[in-house]
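# Observations on chain architecture
Single-letter residue listing:
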Amino acid sequence: MALSSMIYTHLPVTQAASGAARFSLIRSSHHQEAVLDHQQTKTSNKANRLAESLAHLLHLHINTPPRTNTHSTNWNLFTEEKISTPTTSPKDSISEKWREIHGSNDWEGLLDPLHPWLRREIVKYGEFAQATYDAFDFDSFSEYCGSCRYNHNKLFDVLGLSKNGYTVSKYIYAMSHIDMPSWLERSHLADTWSKHSNWMGFVAVSDDLETRRIGRRDIVVAWRGTVAPSEWYEDFQRKLEPIGHGEAKVEHGFHGIYTAKCETTRYNKSSASEQVMKEVTRLMEFYRAQGEEVSLTITGHSLGGALALLNAYEAAETIPGLPISVVSFGAPRVGNIAFKDELNQMGVKTLRVVVKQDMVPKMPGLVLNEGLQKFDDITGTLDWVYTHVGAEMKLEVGSSPYLKHGGFNLPGFHSLETYLHLVDGFLSTETTFRSNARRDFALVNKGCDMLVDDLRIPQCWYQLPHKGLVCNAHGRWVKPKRDPEDIPSPTREAQAQAHALQVEMMESDYALSF
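Note that the structure is predicted; figures quoted are calculated from it, not measured.

Calculation criteria
- Residues numbered from 1 in each chain as written.
- Predicted model: local features only at pLDDT ≥ 70, side-chain atom pairs only at ≥ 80, totals over all residues.
- Heavy atoms only, no water.
- Core = buried A, V, L, I, M, F, W, Y, C linked by side-chain atoms within 4.5 Å.
- Buried < 20%, exposed > 50% of the residue type's maximum accessible area, 1.4 Å probe, protein only.
- Helix = DSSP H or I, 4+ residues; strand = E, 2+ residues; numbered from the N terminus.
- Contact = heavy atoms within 4.5 Å.
- Disulfide = S-S within 2.5 Å.
- Expected span 1.5 Å × (residues − 1).
- Polar contact = N/O pair within 3.5 Å; in protein donor to acceptor, adjacent residues only side chain to side chain.
- Right-handed = clockwise from strand over helix to strand, strands pointing away.
- Pairing = 2+ DSSP bridges.
- Phe/Tyr/Trp six-rings, centres within 6.5 Å; stacked < 30°, edge-to-face > 60°.
- Lys NZ or Arg CZ within 6 Å of the ring centre and 35° of its normal.
- Salt bridge = Lys/Arg side-chain N within 4 Å of Asp/Glu carboxyl O.

Counting residues in hydrophobic clusters, the biggest one holds 66 residues, and the most contacted among them are Ile122, Phe128, Leu155, Phe156, Phe202 and Met393. Of all the elements, helix α5 (residues 116-134) adds the most residues to this core, at eight residues. Not counting residues up to four positions away in its chain, the partners in contact with Leu155 are Ala135, Cys148, Tyr150, Val168, Tyr171 and Phe202. Counting residues in each nonpolar core, the second largest holds 45 residues, with Tyr258, Val280, Val294 and Ile324 among its members.

So, in structure tokens, the structure goes:
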């Protein structure tokens, strides 16, 4: 995997400087290959070999811009200004326009130029998707490898996401055994929390304050993906299989992760599909019973974007009339033309955020894809051709002066933090990177090496101190024990969920009494 064992670290807050002169100070980059840590080396080599073999076909050659010399005194002034400014913009009320922001008109007129309200919402959902990486236990020497490091009551607090105004209500687990891809991590140890389960994301719901700001009660599902695209590429180039009752077909491996279950595990006696739909239905019925308008927003990066589409398809079939939108980042194609048509007919709105240099959105169906539709008069509709769904927001690595523009940095191009950085700085295809971009650029290098060296941000800096070891009272370096509340427990989750529902009902009854 491209991220090693991690904890969340709060960075100094930054803001991009204003003014063309100051902004031009960082327009430099090096032609440099990403050098990953020991845990990433094998994946990176495989990814780069795959990338090189496809580079010409994908037309992804990138010219390295000339290096611009910067004076350290000016650079220091620039840095000092950035670290003393906030990383987020003030929240605007979008309650009157929430349906358009949620995609009712397929985001027509909102993407280029990018409406600032939409930008903030895209970043918000992207941060939820990023949380599925930041809290995941990737450590193969941990007895809890494959789980979330934190219980759902503290997840957003630990990751600094409480500011978004949502509460996690349920974790989602998927299978990680027979016929599943190798990157679904499992511990090397014999005695583990679960031999089959793998934490794949969560369900969250907007709190009262955020609900008033965005104009409805928003249920969010965030799906974890993988940042090692060559691995899922090797595991999932199989076949399309039927879904639903029509001609729709979807990729076999994606569908397998979404629907697989096992009677012998504590967490996956029900599939990820069953878990997520049970919770979404519960929340939807509860808030509709209170007379509230409810929406469902599903997000994910890479494979998580594929699972988001499958989730949206099932939700649209199961809950008619529920406004459903998908906001995906670097997602692959999932199904055939009939799958796309059925999603459109059911009213699912999909916004795909893609980076031009990223290979993953070009697969599966590198050659046999929606481009063949222009030959429909000759061939007829081909039900075995992979097709993208929804509106596309295309970003360009070269638009950001903070990023290295040379080489073929597959992990960096595909990194979700790279995506969020580019979204935050995007104004339109006709203008440059916005000078007042708020999001901290240091986040880009959490799991890759994409920032220009002049920014002095180490590559792959987001990891546990001392590789997760701690020094005990006897001076021995050992693996620490998890806090009891953070140890995966289906019983504890069920109890916490019941308690949360009871609190919600009490608060609702209290509010109705006035």
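The rest of the description comes next.
The subject of this paragraph is the state of the cysteines. Following the criterion strictly, the structure yields zero disulfides and no others. Summary of cysteine pairing: Cys460 is not part of a disulfide, and the nearest cysteine sulfur, belonging to Cys448, is at 6.6 Å.

Locating Pro361 in the fold gives a position in the loop between β8 (349-355) and α13 (376-379). Taking C-alpha positions, Pro361 is 5.6 Å from Gly330, a pair spaced 31 residues apart along the chain. Excluding residues that lie within four positions of it along the chain, Pro361 makes contacts with Gly330, Ala331, Pro332, Arg333, Val354, His388 and Tyr419.

So, about helix α11 (residues 303-318). The first and last C-alpha atoms of α11 sit 23 Å apart over 16 residues, in line with the 22 Å expected at 1.5 Å per residue. Most of α11 is tucked away: 13 of the 16 residues are buried.

Where burial is concerned, most of helix α9 (residues 252-259) is hidden: seven out of the eight residues are buried. Turning to α9, its buried residues number three or more, namely His252, Gly253, Phe254, His255, Gly256, Ile257 and Tyr258. Regarding α9, its N-cap is Glu251, as a side-chain oxygen of that residue lies 2.6 Å from the backbone nitrogen of Gly253 further along.

The next point concerns the pairing of β8. With seven of its seven residues buried, β8 lies for the most part within the structure. Of the two faces of β8, the one holding Lys349, Leu351, Val353 and Val355 and the one holding Thr350, Arg352 and Val354 are both buried throughout. Following the chain from strand β7 (residues 324-329) across helix α12 (residues 337-345) to the adjacent parallel β8, one finds a crossover that is right-handed. Pairing analysis gives five bridges linking β8 to strand β9 (residues 391-395), with the strands arranged parallel. The residue of β9 that forms the bridge with Val355 is Leu395.

Bringing the side chain of Thr387 into the picture now. With respect to the helices and strands, the residue Thr387 is situated in the loop between α13 and β9. The buried category is assigned to Thr387, whose relative accessible area is 2%. Only 3.4 Å separates the side chain of Thr387 from the backbone oxygen of Val385, close enough to count as a polar contact.

With that settled, consider the side chain of Ser142. Position of Ser142 relative to the elements: it lies in the loop between α5 and α6 (155-159). There is a polar contact of 2.9 Å between the side chain of Ser142 and the side chain of Asp137.

Time to look at the packing of aromatic side chains. On inspection of all chains with the given rule, the structure shows 15 aromatic pairs. Arranged with centres 5.2 Å apart and planes meeting at 65°, the rings of Tyr171 and Trp199 form a pair that is edge-to-face. Here Trp199 lies in strand β2 (residues 197-206) and Tyr171 lies in strand β1 (residues 166-175), a separation of 28 residues in the sequence. Residue Tyr171 is classed as buried on the basis of its relative accessible area of 2%. Ring plane angle 70° and centroid distance 5.9 Å describe the contact between Phe408 and Phe413, whose orientation is recorded as edge-to-face. Assessed through its relative accessible area of 14%, Phe408 is described here as buried. Note on Phe413: relative accessible area 0%, which makes it buried. Its end group placed over the ring of Phe136, Arg224 keeps NZ or CZ at 3.7 Å from the ring centre. Geometry around Tyr462 places Lys446 over its ring, the cationic atom sitting 4.4 Å from the centre.

Moving on: the pattern of salt bridges. This model, assessed by the stated rule, comprises 28 salt bridges. Asp218 is paired through a salt bridge with Arg216; the nearest N and O atoms lie 3.8 Å apart. Taken individually, Asp218 and Arg216 each receive the classification buried, so the pair is uniform in this respect. Glu274 is paired through a salt bridge with Lys261; the nearest N and O atoms lie 3.0 Å apart. Remark: Lys261 occurs in the loop between α9 and α10 (272-289) and Glu274 occurs in helix α10; sequence separation between them is 13 residues. On the accessibility criterion, Glu274 (34% relative accessible area) is partly exposed.

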